[in-house]
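A look at the structure
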Amino acid sequence: MWGLSLKTTLTALLAAITISAAHAQSLPGGFVYLRDIDPTIIQDIRYASANNFVGRPLNGYGAGECVVKREVGMRLKAVQQELASQNLSLKMFDCYRPARASLDMVAWSQNGRETAAERRYNPKIPKTELFRLGYIASRSQHSTGAALDLTLVDLKADNSAKFDRSKAYADCTAPVEARPPEGSVDMGTGYDCTDVKGHTAARSITPEQRAWRKRLVAAMARQGFVNYSKEWWHFSLPGAGGAAYDFPIQPRRN
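Residues numbered from 1 in each chain as written. Predicted model: local features only at pLDDT ≥ 70, side-chain atom pairs only at ≥ 80, totals over all residues. Heavy atoms only, no water.

A large share of strand β5 (residues 147-154) lies buried, amounting to eight of its eight residues. Alternating residues of β5 divide into A147, D149, T151 and V153 and L148, L150, L152 and D154, and every residue in both groups is buried. Sheet topology places strand β4 (residues 88-94) next to β5; six bridges connect them, and they run antiparallel. Directly across from L90, in β5, lies its bridge partner L152. Where β5 lies against strand β7 (residues 231-236), three bridges are found, and the strand directions are antiparallel. Residue pairing across strands places D149 opposite H234, the latter belonging to β7. (Buried < 20%, exposed > 50% of the residue type's maximum accessible area, 1.4 Å probe, protein only. Helix = DSSP H or I, 4+ residues; strand = E, 2+ residues; numbered from the N terminus. Pairing = 2+ DSSP bridges.)

This is the structure in structure tokens:
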């Protein structure tokens, strides 16, 4: 694959993905805005902002809204109800991902540049290797509406700190005080950290960080979600996927 030109690679990927178009506010059958299922679940859709490893909104993210298959949304609601009794909440980083966004990631990985801000997310791995090593997928399960990136929020904590694009933060493996703020519990790394420390069962984290990861995995597992071993934040619901889609994420009508 990497021996092909970028144009040829992107064309091949487009041909391999089932594309389904949708107009603004009109979701394909089976898809819903998570906010319509459970508005209490916190959302910070990072690929709709500049606060991600690319440093800008990805193609197809016209709004910071979590879109999922209805069954996925209902199970997330059940997880949230369990967490609420513990003064915790889910926080969504990514849900449905338009196929064009994955192609945008492919183009980014091959652009021949690596900025300091990008290296915060992959401090030890060249970005050209991220696909081969399984940290990013050119055909993402997110595009089926059945995969999610998320974390936990302690509702009793001070979560007011905001990301400042102009600030020189430490990389994603640094102590939580030095990393970009995410308004969530300390899982040992930041979101989208392509490092062995970001692997769910990593040994190089503290007992408290490991306990938070186990708590998240267990809560999600009770509703049938499966964690991806290389990313503590990534979960999918087996059997709920299907074809990949490419409709853009548009603002939800109130």
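Reading across the sheet, the five strands line up as β2-β4-β5-β7-β6 and stay open at both edges, with mixed pairing between neighbours. Both edges of this open sheet fall to β2 (42-43) and β6 (226-228), since each of them pairs with a single strand only. In the packing of helix α3 (residues 70-84) onto the sheet, the strands contacted are β4 and β5, and the crossing angle to β4 comes to about 145°. Relative to the sheet, helix α6 (residues 207-221) contacts β4, β5, β6 and β7, its axis offset from that of β5 by approximately 125°. (Contact = heavy atoms within 4.5 Å. Axes fitted to C-alpha atoms, helices over the stretch in contact; angles between N-to-C directions.)

A word on the nonpolar core. Soluble globular proteins: nonpolar side chains tend toward being buried together. If you look at the biggest cluster of nonpolar residues, it comprises 58 residues, and the most contacted ones within it are L76, L90, M92, L148 and M220. In this structure, L90 is in contact with I41, I42, L76, V79, Q80, L83, L150, T151, L152, L216 and M220, ignoring residues within four places of it in sequence. (Core = buried A, V, L, I, M, F, W, Y, C linked by side-chain atoms within 4.5 Å.)

Attention shifts here to the side chain of T144. For T144, the position within the fold is in the loop between α5 (116-119) and β5. We classify T144 as buried; its relative accessible area is 8%. Leave out the neighbours within four places in its chain, and T144 touches F31, K69, G241, G242, A243 and A244.

This next bit is on the pattern of salt bridges. A full pass over the atoms with the stated rule returns 14 salt bridges. Close ionic contact of D36 with R252 constitutes a salt bridge, the shortest N to O distance being 2.7 Å. Of this pair, D36 sits in helix α2 (residues 34-37) while R252 sits in the segment after β7, placing them 216 residues apart in sequence. D36 gets classed as partly exposed once you look at its relative accessible area, which sits at 49%. The exposure class assigned to R252 is partly exposed, which follows from its relative accessible area of 22%. The network of salt bridges with common partners includes D94, R97 and D149. (Salt bridge = Lys/Arg side-chain N within 4 Å of Asp/Glu carboxyl O.)

Further remarks concern the packing of aromatic side chains. In total, this model carries 14 aromatic pairs according to the counting rule given. With a centroid separation of 4.4 Å and an interplanar angle of 20°, the aromatic rings of F93 and Y191 are classed as stacked. Remark: Y191 occurs in the loop between β5 and α6 and F93 occurs in strand β4; sequence separation between them is 98 residues. The buried category is assigned to F93, whose relative accessible area is 0%. Clustering of aromatic rings is evident, with ring pairs tying together Y47, F53, Y61, F93, W108, Y121, Y191, W232 and W233. The cationic tip of K230 hangs over the ring face of Y135; the distance from NZ or CZ to the ring centre is 5.4 Å. (Phe/Tyr/Trp six-rings, centres within 6.5 Å; stacked < 30°, edge-to-face > 60°. Lys NZ or Arg CZ within 6 Å of the ring centre and 35° of its normal.)

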